Amino acid sequence: MFKRKLVVQIIKRMQEKRAFMQVVIGPRQTGKTTAVTQALEAISISHYFISADAPSSADAEWLRNEWEKARVMQKQHSKEMILAIDEIQKVKNWSSMVKLLWDEDTRKKNQLKVILTGSSSLLIQKGLNESLAGRFEVLFCPHWSYKECKEAFSYSLDNFLYFGGYPGAAVLKDDEERWVRYIGSSIVEPVISLDILQMEEVRKPALLRSLFILGAGYSAQELSYTKILGQLSDAGNTVTLAHYLELLNNANILCGLQKYSSNKLKVKQSSPRFMVYDTSLLVWAAGASRRRLLEEPDARGHLVESAVGAYLLARGKEEGFSVYWWREREKEVDFVIESGKSLTAIEVKSGKVKHVEGSMEFKKCYPKALSLVIGSENCKLEDFLVGKIPLFK
């Protein structure tokens, strides 16, 4: 069975001296649970794996009881033990109870190491930063990269552009209608219905769904909030739309890239450029044929730009850099990435004819920035997506 680098990261963390909980977060159906179970099977430390996904696993008392079982097992073995809790966000008031139990073990020097998995938006916003500050480290589980899909599923570049990086959908690549239904019923709908609507205050669920479909279909394109309002019925106001877009971003399916500026106030005031976290979401929302998306220049161009954007977003979350876009009058740069004082302007050439005057203009404004043109002879798309091209100087 294929093992992602996340498995190695988990094993390494579990072999270290107990200091922090390890929290594995990321989009639905990207293999968080599989990575944890693979790591537990490969390590020599005894473990106790439980899931909060069952209907009965709904309260803090259940969590306390299961934690106590792990403590008993750890004492019986008289050595360190790993407690892995899957889908932790489904336990009511989980963060306060985890804090209590973790601190008890720390005071008593119990060698019980802990791994938590769950929805990134819920874990980060409603648990980790509320109660568990200073007690955890995050391991991000992104959508599968082209390199991983190529090794695990023998994907061609076109296969990856069209089908994206959801591993469970790979077996359906020879039946596109069935694949489309899977993306809608097993990815999009659970994310919206379970990860957002059941856990967040959303007064207009239909508007949130419409915003996702519109944004995913327009991935790699800029739309002002005024234009968005014009395309959505019962759209409310720009504040509502911005809030819903943030919820979709937290769920790792759609974000609105902001325009880069050294003035951070201007960044927050800019119109968003929609960007899916995986190209399969664009394909699903567009409802277009494989032939049109891959062969028509403009459609392929948006698909390739979305693949590059998704790759940058995933690496940004893992490595801690920010992703933007840039425009000054008619001069435009597809992506700008920033890590500390390091800055890189990225142009993407694919399908449609594009000019690189935007990068030249950006360099005038930010002379120390690195410039990359993906799709050029020195920076081929496939080399970029498998990680052969350094992102910063």
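Before going into details, it helps to say that this report is about the structure given with it. (Residues numbered from 1 in each chain as written. Predicted model: local features only at pLDDT ≥ 70, side-chain atom pairs only at ≥ 80, totals over all residues. Heavy atoms only, no water.)

## What about the overall build of the protein chain?
Put simply, the test is: A helix here means a DSSP run of H or I that spans at least four residues, while a strand means a run of E at least two residues long, and both kinds are numbered starting from the N terminus. Based on C-alpha atoms, the radius of gyration is set beside the globule rule, defined as 2.2 Å times the residue count to the power 0.38. Only protein chains enter the accessibility calculation, which uses a 1.4 Å probe. A residue is then buried if its area is under 20% of the maximum for its type, exposed if over 50%, and partly exposed in between. In what follows, residue pairs with any heavy atoms lying within 4.5 Å of each other are defined as contacts. Under the counting rule used here, the positive set is Lys and Arg, the negative set is Asp and Glu, and His together with the chain ends is not counted. Taken as the charge location is NZ of Lys, CZ of Arg, CG of Asp or CD of Glu.
Along the backbone of the protein chain there are 17 helices and eleven strands. Its C-alpha radius of gyration of 22 Å places the protein chain within 12% of the 21 Å reference for a compact globule of 393 residues. Counting over 393 residues, the protein chain shows a buried share of 54%. In the protein chain, 70% of the contacts between residues at least 6 apart in sequence involve partners at least 24 apart. Between the mean site of the 56 positive side-chain charges and the mean site of the 47 negative ones, the protein chain shows a separation of 5 Å.

## So, helix 4 (residues 94–108)
Applicable threshold: Each residue after the first adds 1.5 Å to the expected span of a helix.
For helix 4, with 15 residues, the first-to-last C-alpha span of 21 Å sits near the 21 Å given by 1.5 Å per residue. For helix 4, the full list of buried residues reads Trp-94, Ser-95, Met-97, Val-98, Leu-101, Trp-102, Asp-103, Glu-104 and Asp-105. Positive backbone phi, at 60 degrees, marks Lys-109, one or two positions downstream of helix 4.

## Some words on the environment of Tyr-277
For clarity, the threshold we go by: Each polar contact in these results corresponds to two N or O atoms within 3.5 Å; when the atoms are within protein, one needs to be able to donate a hydrogen and the other to accept it, and residues that are neighboring in sequence are counted only if both atoms are side-chain atoms.
Its location among the elements puts Tyr-277 in the loop between strand 7 (273–276) and helix 13 (279–286). Overall, the relative accessible area of 7% leaves Tyr-277 in the buried class. Not counting residues within four places of it along the chain, the set of residues in contact with Tyr-277 comprises His-143, Asn-249, Asn-252, Ile-253, Leu-254, Cys-255, Ala-310, Leu-313 and Lys-317. At 2.4 Å, the side chain of Tyr-277 and the side chain of Asn-249 are in polar contact.

## Examining the side chain of Gln-38
Relative to the helices and strands, Gln-38 resides in helix 2 (residues 32–42). Leave out the neighbours within four places in its chain, and Gln-38 touches Met-1, Phe-2, Lys-3 and Val-7.

## Digging into unusual backbone geometry
Comment: phi is negative for the bulk of residues other than glycine, and the bulk of peptide bonds are trans. Here Glu-87, not a glycine, exhibits a phi torsion of approximately 55 degrees, which is positive. Position of Glu-87 relative to the elements: it lies in the loop between strand 3 (81–86) and helix 4. In this structure, Lys-109 takes a positive phi of about 60 degrees despite not being glycine. Looking at the secondary structure, you find Lys-109 in the loop between helix 4 and strand 4 (112–119).

## Some thoughts on the side chain of Asp-278
For the record, the criterion: We define a salt bridge as a contact between a side-chain nitrogen of Lys or Arg and a carboxyl oxygen of Asp or Glu at a distance within 4 Å.
You can see Asp-278 is positioned in the loop between strand 7 and helix 13. Of the side chains with opposite charge, Arg-4 lies nearest to the buried Asp-278, which makes no salt bridge, at 9.1 Å. Looking at Asp-278, its side chain comes within polar contact range of the main-chain nitrogen of Gly-165, at 2.7 Å.

## So, the sheet that holds strand 1 (residues 21–26)
Sheet strands pair by backbone hydrogen bonding; their relative direction is either parallel or antiparallel. Put simply, the rule reads: Each pair of strands is called paired provided DSSP finds at least two bridges between the two strands. The axes used here are C-alpha line fits, helices contributing only the stretch in contact, and every angle between their N-to-C directions lies in the interval 0 to 180 degrees.
The parallel open sheet is built from five strands, whose spatial order is 2-3-4-1-5. Two strands close off the open sheet at either side, each with one partner strand: strand 2 (46–51) and strand 5 (136–140). Here the strands of the sheet are splayed against their neighbours by 20 degrees on average, with no regard to which way each runs. Direction of pairing for strand 3 relative to strand 4: parallel, over a ladder of five bridges. Its bridge partner lying in strand 4, Leu-83 is registered against Val-114. Together, strand 2, strand 3 and strand 4 form the strand contacts of helix 3 (residues 60–77), whose direction differs from that of strand 2 by roughly 170 degrees. Relative to the sheet, helix 4 contacts strand 1 and strand 4, its axis offset from that of strand 4 by approximately 165 degrees.

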